[in-house]
Structures are given as C-alpha cells and as structure tokens.
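# Structural overview for review
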Amino acid sequence: MSEQDIARISVVVCVYTEDRWEDILAAVSSVRAQSLPALETLLVVDHNAALLDRLTREYKETDGVRVLANAGPRGLSAGRNTGIAVARGAIIAFLDDDAVAERDWLLHFASGYEDPRVMAVGGRTMPIWASGRRPAWFPEEFDWVVGCTYKGLPPGRVRVRNVLGGNASFRRTAFDAAGGFATGIGRDGDKRPLGCEETELCIRLTRARPDAILLIDDRAVIHHRVPKVREHFAYFRTRAYAEGLSKALVARSVGADKGLESERRYATRVLPAGIARGLRDALLGRPGGAGRAGAIVTGVLTAAGGYALGSIRARRGGAAFSVAEIEGVSPAADDKGAAA
C-alpha cells in the first residue's frame, strides 16, 4: 500500500439518538479539523428516522460528510458494517458519537500502516467526566466500563490482541479476510451495555491472517464524554456484569484460550496491584482508597457472575450471534454464522 493509499481514510461515526446532537456535531467537527484530512466522514444512523432527516439537512451542503441509514438490524455492529460497505478509503476508522478526536488522530493511525503486516491500529481514549472530575471511588483499572483506556494497558505503540472499537482503524482488506462485526453481541442503543464485538472481530482476523499485526498507539487520542448516569456505582455493576456475558459469547465462539488471553493477565497482575494501591491509600487517609479497592473486587465478582451465566446460556443454546455479510466483503468461511 502506497503512502497515498494510507492517507485515504474513511471515518465512520455511528449515531442513534438526538439526545447526543451536540456531541455528534462536535465529533464531526473534530474529524474535519484533522491535520491529515479524512477522505470522508460517514454518519450511520441506527433506525431513527427523525435523526436521519435532521442530520441529512445539517450536512446537505457539507463536502466530505455523508449521512446514511443503518442497512442492517438495530445495533452498533450492523451500523459499523453499513459504514464499511460504502466506505471508499483504504483505511476505515471508527469514532464514538460522543467523543472528539485530537488534531493528529488520523495522522498517528496512518503512520502505523507503513508496515504492510499491520491490519488494525487503535488509540487512547480519555474520559471527560460530566461532574468535572473522576469519582473518588472509580478505579482507573476499570475505565473500560465507560469506554475509555484503562490502567494496565502498555504505553507507546504496542502490539495487542484487540483494539477498542470506539477509537480504532482497520485496513479495508481486514474485512475482506475476516468479514464484518458480529451482530447480536454488541451494543443496541440504550439496552444492556453489551460489548466485545471488536474483540471477537480482532481474534477472527488474526485467525484468518496469522501474520496480521494489531497495534495500539497511545498518541492517537480521543476524548470521550462520560454522562452522570455512568458515574454511579449501579452503572459500574451493570456494565461489569454485561462484560461477563459478552466475554462468554466470545469465548464460546473463539475458545477460552484466545478469548480470555488478555483478561488473565489483567486479572492476575493489574487488578491485584490496583487493590493494593487502594488499600494503601486508605491506610494513608487518602480519599477514595477503600472505595477503589472495593470497586475492583465487586467488578471482578460481578463480571465473573455474568461470564458464568453467559456460559450456561451459551451451552444451552440460549444466545447466538452471527457474522453478517457486507456487500463486497465476505466473512471467513470458518466463522460465518458462528454460534455462541
């Protein structure tokens, strides 16, 4: 791939609610302000006719911004697949609808693809707390709960098992090799916050292309809004439980060895260190120390409970997802219609 091809990046932003109108406009503005201009910005609207009409009117005369309806079932995965199907870029990047990208976001993504073996590059996602600061009890090790980069990920540009979907990019040929995002596993509007669709895709990709390299470059930064409802402990527990359910689906599809490879290191090294820091802070009288230690323990137990229940349901055939075909992109034969 030439340098000119690498610079042809389509950005997909999936949207679903008018409640995020200002956030959506800010996201698009941040893409249009990139030091490496995007080839196009694709706004994919998830089964919301009013929002589709409003955005179409908003960007009717804006070059480089296209508004389209999700062509698949409701949910984030099908929205992303719709964007992939129509994207014209050699690289396809994904940005959350409630996030803004720093000016060199796409530039750092593009630099990762100078190595032809690199099939995906992710970035660093920083929280913007609605209350103005992190809740004292909220451990950085669990920032994935609010869709952000969590403590324990290695710094710099490093190889990873999977990128995080709200701040990620892929070569278009990655979808030729592995197919699109699996439907039935990821988010669906405001319903239970399931996830892991990007984890499942990345594992499927490296199976289809064993030589593939996946990177995270922490210079590719976006800032992600965290609404007040997600600063509460009730949401923390709900999201941890949903993560366990999602991980059970992934493990059922790709095997526990690969599906839980990164999680084992996280659970045996990162989290014990976080508990120790929290207890130390509590002994030193620092605010939130005991709360952070307790939150880590609760998060682990809740996620484990979700994983156990999800595994039982999967074995009984109560949960399933599939890799939907994308126009012009075929899923890997071994994984099409993978049951979970």
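Up top you'll find the structure we're talking about.
This report concerns the structure included in the present document. (Residues numbered from 1 in each chain as written. Predicted model: local features only at pLDDT ≥ 70, side-chain atom pairs only at ≥ 80, totals over all residues. Heavy atoms only, no water.)

### Let's talk about the layout of surface pockets
Put simply, the second largest pocket is a space of about 250 Å³. Along its surface, the second largest pocket is lined by 17 residues, and Arg124, Met126, Thr149, Tyr150 and Lys151 are the ones closest to its centre. The element best represented in the lining of the second largest pocket is strand β6 (residues 118-129), accounting for five residues. Of the residues in the lining of the second largest pocket, the class split is seven nonpolar, four polar and six charged. (1 Å grid on protein atoms, 1.4 Å probe; cavity = no way out; pocket = protein on both sides within 12 Å on 5 of 7 lines; lining within 4 Å. Points joined across faces, edges and corners; volume = space filled by probe spheres on them. Helix = DSSP H or I, 4+ residues; strand = E, 2+ residues; numbered from the N terminus. Nonpolar A, V, L, I, M, F, W, Y, C, P; charged D, E, K, R; others polar.)

### With respect to the packing of helix α2 (residues 21-32) against helix α3 (residues 49-58)
Where α2 contacts α3, the axes come no closer than 13 Å and their chain directions differ by 40°. By the criterion of interaxial angle, the relationship of α2 to α3 is oblique. For α2 against α3, the interelement crossing comes out right-handed. Where α2 abuts α3, its residues Trp21, Ile24 and Leu25 lie against Leu51, Arg54, Leu55 and Glu58. Split into classes, the residues belonging to the contact of α2 with α3 amount to five nonpolar, no polar and two charged. (Axes fitted to C-alpha atoms, helices over the stretch in contact; angles between N-to-C directions. Parallel < 35°, antiparallel > 145°, perpendicular 65-115°, else oblique. Left-handed = near helix turned anticlockwise from the far one by under 90°. Contact = heavy atoms within 4.5 Å.)

### With respect to the packing of aromatic side chains
All told, the structure shown has 16 aromatic pairs when counted by the stated rule. Judged by centre distance (5.2 Å) and plane angle (65°), the rings of tryptophan 129 and phenylalanine 138 are edge-to-face. Here tryptophan 129 matches phenylalanine 138 in class, with each residue buried. Judged by centre distance (6.2 Å) and plane angle (45°), the rings of phenylalanine 175 and phenylalanine 181 are tilted. You can call phenylalanine 175 buried: its relative accessible area is 1%. (Phe/Tyr/Trp six-rings, centres within 6.5 Å; stacked < 30°, edge-to-face > 60°. Buried < 20%, exposed > 50% of the residue type's maximum accessible area, 1.4 Å probe, protein only.)

### Considering the pattern of salt bridges
Enumeration according to the criterion identifies 23 salt bridges in this entry. Close ionic contact of aspartate 211 with arginine 209 constitutes a salt bridge, the shortest N to O distance being 3.2 Å. The exposure class of aspartate 211 is partly exposed, given its relative accessible area of 41%. Relative accessible area serves as the criterion here: at 26%, arginine 209 is assigned to the partly exposed category. The residue glutamate 243 makes a salt bridge to lysine 247 at a minimum N-O spacing of 2.6 Å. Residue glutamate 243 and its partner lysine 247 are both found in helix α8 (residues 233-254); the two are separated by four residues, about one turn of the helix. For lysine 247, a relative accessible area of 9% translates into the label buried. One network of salt bridges, with partners in common, ties together Arg161, Arg239, Glu243, Lys247 and Glu263. (Salt bridge = Lys/Arg side-chain N within 4 Å of Asp/Glu carboxyl O.)

### Details of the pairing of strand β2 (residues 40-45)
Of all six residues in β2, six are buried, a share of seventy percent or more. A two-sided burial pattern is seen for β2, the buried positions comprising Glu40, Leu42 and Val44 on one face and Thr41, Leu43 and Val45 on the other. Inspection of the sheet shows strand β1 (residues 9-15) paired to β2 by six bridges, in the parallel sense. Within the sheet, the bridge partner assigned to valine 15 lies in β2 and is valine 45. For the crossover from β1 across α2 to β2, the handedness is right-handed. Relative to strand β3 (residues 65-69), β2 is paired through five bridges, and the arrangement is parallel. Bridging across to β3, leucine 43 finds its partner in valine 67. (Pairing = 2+ DSSP bridges. Right-handed = clockwise from strand over helix to strand, strands pointing away.)

### Digging into the nonpolar core
What tends to happen in soluble globular proteins is that the nonpolar side chains get buried as a cluster. One finds Val11, Leu43, Leu55, Leu95 and Trp105 to be the most contacted residues of the largest nonpolar core, which totals 33 residues. Element by element, the count of residues in this core is highest for α2, at six residues. For leucine 95, the contacting residues outside a window of four places in its chain are Val11, Val12, Val13, Cys14, Ala27, Ser30, Val31, Ala101, Trp105, Gly166 and Ile222. The next biggest cluster of nonpolar side chains, apart from the first, holds 24 residues, and it includes Ile92, Met119, Phe170 and Phe175. (Core = buried A, V, L, I, M, F, W, Y, C linked by side-chain atoms within 4.5 Å.)

Don't take any of this as a statement about function, it's just geometry.
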